[in-house]
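# Geometric and topological summary
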Amino acid sequence: MGTLNILVGVCLIYVVFLFLIAFAAERAALEGKGGWLRSPLIYTLSLSIYCTAWTFYGAVGYAARSGLEYLTIYIGPSLVMIGWWWLLRKLVRIGRSQRITSIADLISSRYGKSNLLAVGVTVLAVIGTTPYIALQLQSVTVSFDVFSSSYGAELTEAAQGSNALLVAAGLTLFTIVFGTRNLDVNERHHGVVMAVAVEAIVKLFALLAVGIFVVWGLGGGVSETLARIDASEIGQWQMRGDRWATLIFLSGAAFLCLPRMFQVMVVENEAEDHLRTASWAFPAYLMIMSLFVVPIAVVGLDLMPAGSNPDFFVLTVPLATGNDALAMLSFLGGFSSATSMVIVAALALSTMVSNHIVMPIWLSTQSVGASVSGDVRHVVLLSRRISIGAVVFLGYLYFRLSGGGTALASIGLISFAGVAQFLPVLIGGIFWRGATRTGAFVGLTVGFVIWAYTLLLPSFGAGTLVSATMLAEGPMGLGWLRPQAFFGITGMDPLVHAVFWSILLNTMSFFIASLVGFPSPLERLQGAQFVNVFEHSSTPQSWAGSLAQTEDLMVMAQRIIGAREAQNLFEREAKRQGMSGLLPEPSPDFLQRLERELAGSVGAATAHAMIGQIVGGASVSVEDLMAVADETAQMMEYSSKLEAKSEEQARTARQLRQANEKLTLISEQKDSFLSQVSHELRTPMTSIRAFSEILRDSDRLSEDEKIKYSSIIHDEALRLTRLLDDLLDLSVLESGRVNLNMQSGSLKGILDHAVASALTGAGADKMRVMRNATSEDITLHTDLDRLSQVFINLIGNAQKYCDASAPNLRIDVGRSNGALVVDFIDNGRGIPKAEQAVIFEKFSRTGEQKVKGAGLGLAICREIMTRLEGAVEYLPGQGGAAFRVTLPEEVALAAQ
Amino acid sequence: MSPKHNIPFLERQSYRRRRLIDTIRMLPVIGAVLWAVPLLWRQSEHSGEVMTSDAIIYIFMVWLLLVVGGGWLARCLKRSDAEETEQGH
């Protein structure tokens, strides 16, 4: 009993020592001095939680029972580590870039952040891990018993149970203290990792010590030990090839899929570089761990009485040879193996349970949403702690219920086969973009059902959960469904059978369901992110929000990641966006980053849901994006239509404005013309009235005077008549009631006549007219009188308005586009641009009124030319005033 | 595919690095093959069976080979990484 008391004392001291180490590591990390905490060595050692009590105690038992088969359990992980470039590198990169918190999180993230899948994986992981935790509790309890004097006698179950309960409570406490001290955004636990690393050294050292003692102390050296091995009952190579290959595969798969391995390998990974070191250092660790197993087993078989449990040779051999200190060390090694496994497994499982089961349920009961409810941070931590307790308690329960009778190795292998069902989904998810959520769900379900049916249920023994008849004849007499001989293939090892069929059918159904289904856009995006993680690290999803929500986000983030952390994050983001103050714009980029930070604490699916609640469903799924894109396209189309319309309107408005300007101008012209006309009419009228009064009232007028006055009256009357004639002419032309008198004649003749008429009466300032006789030699068929009237008017205008000192007029005849054109170009100043638009209007006269005229000439010309189906227009840019008369082609042709 | 995959000729250093990674990729395959050798051994019912001590020595030699090989390759990779960083790649 004395040994046992010492043992308890040593145990307590060791536990206190671990607490201190963990505290120191946490503190160092907090103060930023923990550089050494992040060394590849610590990472490698933390991986050693793969070696649980199953390794420490069980491997020897395994070797004593089945020879070298135990090596497969270490060869598989060694191959996986050596092949890190293929798989682990990618896994770690994905884990870091997506802030994965657990294997359930990874699978759910990959398949479209599906919480259903996360829940499924979590439940399966708990089912697969519980026996394993029970195994650790059992090993610690039994190892206590080994030291007690009553070992060998039947222990009371109550005593065993109370020991196990104590251990379970202690482990729960440790895990809660160091696993849930804070909610780290990276979900890293320096204290736990450090303690695990120390325990790794302790167990390696302990096993080595026992091994060295056995080989050199008891065996008498290497060669003699080897001879002893060959002479023992496991001295010959007895290996079933199928088990050898299957177990190597199984252990490799479990190494990747075990929640606790995923936790230390991916989640707690500080730098990808560490993997490079661990890739060879961890296989070396495994090699050393398994090096002395066979010698211990062989010496134990020799030394110990027949029928003693080979699982505890590591303890019993030193004890039997009187090496209590060595036995104590060995006990500490086993204790370390068991505790580190339980701690990390509980931590990993609690993260999964809390993030994927508790939090979603809690969130859904909070109808008001995450931003209004209480302290989420507190809730997360609480749910973690409860989950840790629940997981460890489940293990304890399993231990009590199963009675702790089964050989350690077989429990371990069943557990391995269970979690190995994640492998197809995991590998498919990171290498195959076509893998879908439906496929993953179907594959996992099929795999687990087959695993439970062929391995888990029969493991409790025939007649407990599975009846003996069912084992022998299949369910309801269906022989091909016998749990250990599918499709009538008998003779397979049960484990190999179960692993083969479960993994095969799991993979097949996963593959086929993936092929048949169609993934949602989010799944496809996530798939691309995972599969091509080395090529792009862009964000999988975008959010849209408004500034008003940033405050709510802040409130929520503070609750989850802590006030200071959240404020720092927000401030950093605000700075990045170039804004002052604490609140950044809720840009999709920022929301993305926030979601990832939160995902580190509560898991991707929950973080997604929480942000979704606050941003108010403004979470933009790809479907939304597509809808938005559609809308945008429609809007763009609409706006381009609008643009076209508004352009048209602008054009119309411009035209209207021009028309209005013209109308205003014309109205002004009319006003000025009316006053001009009144004036024109009044002036002759006044003289006519005055002179007629003189003629009537004065008797003493000479005959000459009478004639003179009468002529003035006559002239003025003529002027009036001419004016009225013009007006009448114009009115007739405009009303279209004019009769054209079509004749044939030579253009030259018409021009001759027009020049002569227009320049009659001109004095000294008569202008020089330049013409080209040959070009004028054209015969026309039109109303020659009217055409002549136009020419006379144009030449008359030139004579009247040309202000050059030596005025001249050039008359060019030519063809333009088949039509006959006659240009009248003088060398005066021309007509200002502003007036060019109105000179052809009625009553229009150029600015300076130095020459008298009613301003009807050009209007008449235009009307005439319109009647003759030609045109007269102003020809700008010719150096002086220039008019072009255009005659239609047929006018010239018809005459030729 | 990243654009560098399209470059037909690499600098000597990058070329070496790629081959180094090929070796790293190949190592687990070699390990698997070597550890599959015990499948070919005769079972103990027959004469000329393999003794456990020989099996232990073989399996652990393979292990040692893989560890040493893996360690050496990891070292080479680190050096090659360092060189690339120095050159500003």
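Thresholds applied
Residues numbered from 1 in each chain as written. Chains lettered and ligands numbered in written order. Predicted model: local features only at pLDDT ≥ 70, side-chain atom pairs only at ≥ 80, totals over all residues. Heavy atoms only, no water. Helix = DSSP H or I, 4+ residues; strand = E, 2+ residues; numbered from the N terminus. Buried < 20%, exposed > 50% of the residue type's maximum accessible area, 1.4 Å probe, protein only. Contact = heavy atoms within 4.5 Å. Areas by Shrake-Rupley, 256 points an atom, 1.4 Å probe, with all protein chains shown as cover. Pairing = 2+ DSSP bridges. Axes fitted to C-alpha atoms, helices over the stretch in contact; angles between N-to-C directions. Parallel < 35°, antiparallel > 145°, perpendicular 65-115°, else oblique. Left-handed = near helix turned anticlockwise from the far one by under 90°. Nonpolar A, V, L, I, M, F, W, Y, C, P; charged D, E, K, R; others polar. Salt bridge = Lys/Arg side-chain N within 4 Å of Asp/Glu carboxyl O. Polar contact = N/O pair within 3.5 Å; in protein donor to acceptor, adjacent residues only side chain to side chain. Phe/Tyr/Trp six-rings, centres within 6.5 Å; stacked < 30°, edge-to-face > 60°. Lys NZ or Arg CZ within 6 Å of the ring centre and 35° of its normal. Core = buried A, V, L, I, M, F, W, Y, C linked by side-chain atoms within 4.5 Å. Domains from an automatic or database assignment. Buried area = accessible area lost by both parts, 1.4 Å probe. Expected span 1.5 Å × (residues − 1). Bend = angle between axes of the 7 residues up to and from the residue. Patch = residues over 30% accessible without salt bridge, like charges linked within 9 Å, V, L, I, M, F, W, Y side chains within 5 Å. pLDDT = per-residue confidence, 0-100.

### A closer look at the overall build of chain B
Secondary structure assignment for chain B yields two helices and zero strands. In chain B, which comprises 89 residues, the share counted as buried stands at 37%. Partitioning the contacts of chain B with sequence separation of at least 6, the portion at a separation of at least 24 is 78%. Summing over all exposed atoms, chain B offers an accessible surface of approximately 5900 Å²; the carbon and sulfur share of this is 61%.

### Observations concerning the overall build of chain A
Counting secondary structure elements, chain A contains 34 helices and eleven strands. Long-range pairs, those at least 24 residues apart, make up 79% of the contacts in chain A with a sequence separation of at least 6. For chain A, the accessible area works out to roughly 37900 Å², and carbon and sulfur atoms hold 59% of it.

### Observations concerning helix α33 (residues 857-867) of chain A
Buried residues of α33(A): L858(A), A859(A), I860(A), C861(A), E863(A), I864(A) and M865(A), and no others. E869(A) sits one or two positions beyond α33(A) and adopts a positive phi of about 60°.

### Some points on the sheet that holds strand β6 (residues 768-771) of chain A
Residue and element names in this part refer to chain A. The strand order across the open sheet formed by five strands is β6-β8-β9-β11-β10, and the pairing between neighbours is mixed. Sheet topology places β6 and β10 (871-874) at the edges, where each strand pairs with a single neighbour. If you compare each strand with its neighbour and ignore which way they point, the axes differ by 20° on average. As judged from the eight bridges shared by strand β8 (residues 808-816) and strand β9 (residues 819-826), these two strands associate in the antiparallel manner.

### Some words on the packing of helix α11 (residues 241-257) of chain A against helix α12 (residues 259-267) of chain A
Two elements in contact, α11(A) and α12(A), have axes separated by 5 Å at closest approach and are oriented at 60°. Judged by residue contacts, F255(A), L256(A) and C257(A) of α11(A) engage P259(A), M261(A), F262(A) and M265(A) from α12(A).

### Observations concerning the pairing of β9(A)
All names here are of chain A. Of all eight residues making up β9, eight are buried, and the element is well covered by its neighbours. With burial as the criterion, each face of β9 is covered, one bearing A819, V821, D823 and I825 and the other bearing L820, V822, F824 and D826. In the sheet, β9 pairs with strand β11 (residues 882-887) via six bridges, with the strands oriented antiparallel. Bridge pairing in β11 links F824 to F883.

### A word on the packing of helix α9 (residues 190-218) of chain A against helix α15 (residues 313-320) of chain A
Residues and elements named next belong to chain A. Where α9 meets α15, the axes come as close as 11 Å, and the angle between the chain directions of the two elements is 50°. Considered as vectors, α9 and α15 are oriented oblique to each other. With respect to the hand of their crossing, α9 and α15 are arranged in left-handed fashion. Together, L207, V210, F213, V214 and L218 of α9 and V314, V317 and P318 of α15 make up the contact between the two elements. Of the residues belonging to the contact of α9 with α15, the class tally is eight nonpolar, no polar and no charged.

### Some points on the pattern of salt bridges
Residues and elements named next belong to chain A. Applying the stated criterion to the full structure yields 17 salt bridges over all chains. Taking the shortest distance from any N to any O, the salt bridge between D697 and R696 comes out at 2.9 Å. Just as D697 is exposed, R696 falls in that class too. Counted as one network, the salt bridges with shared partners bring together K748, D752, R771 and E776.

### Brief notes about the side chain of S502(A)
Residues and elements named next belong to chain A. Mapped onto the secondary structure, S502 falls in helix α22 (residues 494-516). The exposure class assigned to S502 is buried, which follows from its relative accessible area of 1%. In terms of polar contacts, S502 uses its side chain to reach the side chain of Q421, at 2.9 Å. Of the polar contacts made by the side chain of S502, one reaches the backbone oxygen of A498; its length is 2.7 Å. Ignoring sequence-local partners within four residues, the contact set of S502 consists of Q421, G447, I450 and W451.

### A word on the packing of aromatic side chains
As enumerated under the stated definition, the model contains 26 aromatic pairs over all chains in all. Relative to Y57(A), the ring of F56(A) lies with its centre 5.3 Å away and its plane at 85°, an arrangement referred to as edge-to-face. Of the two residues, F56(A) and Y57(A), neither departs from the other in class, the shared state being buried. Between the aromatic rings of F500(A) and W501(A), the centroid separation amounts to 5.1 Å while the plane-to-plane angle is 75°, which identifies the pairing as edge-to-face. Here F500(A) falls in the partly exposed class, since its relative accessible area comes to 41%. Look at W501(A) and you get buried, because its relative accessible area is 9%. Grouping aromatic residues by their ring pairs yields a cluster made of Y50(A), Y70(A), Y74(A), Y132(A), F255(A), F282(A), Y285(A) and F416(A). Against the face of Y15(B) rests R19(B), its NZ or CZ located 4.7 Å from the ring centre. Its end group placed over the ring of W86(A), R25(B) keeps NZ or CZ at 5.6 Å from the ring centre.

### Describing the nonpolar core
The nonpolar side chains of a soluble globular protein tend to be buried with one another. In terms of nonpolar packing, the biggest core is built from 191 residues, with Y50(A), Y70(A), L256(A), F331(A), F422(A) and W63(B) touching the most fellow members. Here this core gathers at least three residues from each of two domains, domain 1 (2-359 + 375-399) and domain 2 (421-538) of chain A. Residue contacts for Y50(A): discarding those within four places in its chain leaves T55(A), I73(A), Y74(A), P77(A), S251(A), F255(A), R260(A), M261(A), F282(A), L286(A) and F416(A). Counting residues in each nonpolar core, the second largest holds 45 residues, with L784(A), I831(A), I860(A) and C861(A) among its members.

### Considerations on unusual backbone geometry
Positive phi, close to 60°, is recorded for E869(A), a residue that is not glycine. Tracing the backbone shows E869(A) in the loop between α33 and β10.

### Observations concerning the environment of T886(A)
Here T886(A) shows up in strand β11. Taking the C-alpha atoms as reference, T886(A) lies 8.7 Å from S816(A); in sequence the two are 70 residues apart.

### Focus on the interface of chain A and chain B
Interface extent is often summarised as the accessible area lost during association of the parts. Between chain A and chain B, the contact holds 32 residues from the first and 37 residues from the second. Both faces considered, chain A and chain B share a buried interface measuring about 3200 Å² in area, 73% of it formed by carbon and sulfur atoms. Together, W85(A), W237(A) and R276(A) form the three largest contributors to the area buried by chain A at its contact with chain B, with a combined 24%. At the surface where chain A touches chain B, the tally comes to zero salt bridges. Going through the elements one at a time, α4 (72-82), α10 (222-231), α11 and α13 (272-291) of chain A are the ones with two or more residues in the side of chain A that touches chain B. Examining the composition of the side of chain A that touches chain B, we find that eight residues originate from one element, α13(A), more than from any other. Within the side of chain A that touches chain B, the residues separate by chemical class into 22 nonpolar, seven polar and three charged.

### Concerning the environment of S514(A)
Residues and elements named next belong to chain A. Among the structural elements, S514 can be located in helix α22. Residue class for S514 comes out buried when judged on its relative accessible area of 3%. Residues in contact with S514, not counting those within four places in the same chain, are W432, G434, A435, T436 and G439.

### Here we look at helix α7 (residues 115-147) of chain A
Residues and elements named next belong to chain A. Taking 1.5 Å per residue, 33 residues should reach 48 Å; α7 reaches 48 Å between its end C-alpha atoms and fits that length. The largest bend in α7 comes to about 30°, at T129, with the proline P131 one to four residues further on. With 27 of its 33 residues buried, α7 lies for the most part within the structure.

### What to know about a nonpolar patch on the surface
On the surface, a nonpolar cluster with roughly 660 Å² of combined accessible area is contributed by F500(A), L504(A), M508(A), F511(A), I512(A), L515(A) and V516(A). Inspection of the secondary structure puts F511(A) in helix α22.

### A closer look at the environment of I357(A)
Residues and elements named next belong to chain A. Its place among the elements puts I357 in helix α16 (residues 324-365). Distance in space between the C-alpha atoms of I357 and T122 is 8.2 Å, their sequence separation being 235 residues. Those residues within four positions of I357 in sequence are excluded, and the remaining contacts are V119, T122, V123 and M352.

### Quick look at the confidence of the model for chain A
Per-residue pLDDT for chain A averages 80, and the proportion of residues at 70 or more is 83%. In the predicted structure, residues 616-621 of chain A sits below a pLDDT of 50 and forms 15 contacts with residues beyond four places in sequence or in another chain.

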